[in-house]
Amino acid sequence: SAQLEAREQAVVAAEQRVRELESRVHILNEVVAAKENEVASKKQDFAAREQEAMSRLRAQVAKEQEMASKQAAATAALQEQLKAREAACAVQEASLQDRLQRLEVQERELAS
């Protein structure tokens, strides 16, 4: 009978330890779940910030490409203007050379 009572007390003590362990396991599960949620939230925040940064970078690149394109167009237009002015100057120079030659001929005629 004393043996039986000792066994029952051992069983009761074991059941108490099991309840305590189950309680600790439950608490740890809650802590782990909270930490997993925190990590998942941080991952989402990081992904959102990274996506926003990439979006800003793409916009910056597009803006710089547009500026480069405008500069290239402006440079091409300027080159065309310079070519046209150069051609006009060449025509003017030829005309002036022709007039100069005619004047030199007239001058020689007048000198003789």
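First, a word on scope: everything that follows refers to the structure included in this document. (Residues numbered from 1 in each chain as written. Predicted model: local features only at pLDDT ≥ 70, side-chain atom pairs only at ≥ 80, totals over all residues. Heavy atoms only, no water.)

1. Concerning the overall build of the protein chain
Phase 1 of the analysis: Along the protein chain, the regular secondary structure elements total one helix and zero strands.
Phase 2 of the analysis: The globule rule puts the C-alpha radius of gyration for 112 residues at 13 Å, and the 48 Å found for the protein chain is more than 25% above it.
Phase 3 of the analysis: Burial analysis of the protein chain (112 residues in total) assigns 0% to the buried set.
Phase 4 of the analysis: Positive and negative charge centroids in the protein chain, built from 17 and 20 side chains respectively, lie 1 Å apart. (Helix = DSSP H or I, 4+ residues; strand = E, 2+ residues; numbered from the N terminus. Rg over C-alpha atoms; globule rule 2.2 N^0.38 Å. Buried < 20%, exposed > 50% of the residue type's maximum accessible area, 1.4 Å probe, protein only. Lys, Arg positive; Asp, Glu negative; His and termini not counted. Charge placed at Lys NZ, Arg CZ, Asp CG, Glu CD.)

2. Things to note about a nonpolar patch on the surface
Phase 1 of the analysis: Judged by side-chain polarity, Met54, Leu57 and Val61 come together as a nonpolar surface patch covering roughly 250 Å² of accessible area.
Phase 2 of the analysis: Among the structural elements, leucine 57 can be located in helix α1 (residues 2–111).
Phase 3 of the analysis: Look at leucine 57 and you get partly exposed, because its relative accessible area is 49%. (Patch = residues over 30% accessible without salt bridge, like charges linked within 9 Å, V, L, I, M, F, W, Y side chains within 5 Å. Areas by Shrake-Rupley, 256 points an atom, 1.4 Å probe, with all protein chains shown as cover. Salt bridge = Lys/Arg side-chain N within 4 Å of Asp/Glu carboxyl O.)

3. Focus: the pattern of salt bridges
Phase 1 of the analysis: The full count for this structure, using the stated rule, is six salt bridges.
Phase 2 of the analysis: Among the ionic pairs, lysine 42 bridges to glutamate 38, the shortest N-O distance being 3.5 Å. Placement of the pair is lysine 42 and glutamate 38 together in helix α1, with a separation of four residues, close to one helical turn.
Phase 3 of the analysis: Residue classification places lysine 42 among the exposed positions, given a relative accessible area of 53%.
Phase 4 of the analysis: Taking the shortest distance from any N to any O, the salt bridge between lysine 70 and glutamate 66 comes out at 3.3 Å. Placement of the pair is lysine 70 and glutamate 66 together in helix α1, with a separation of four residues, close to one helical turn.
Phase 5 of the analysis: Each of the salt bridges in this network shares a partner with another, and the network as a whole consists of Lys35, Glu38 and Lys42.

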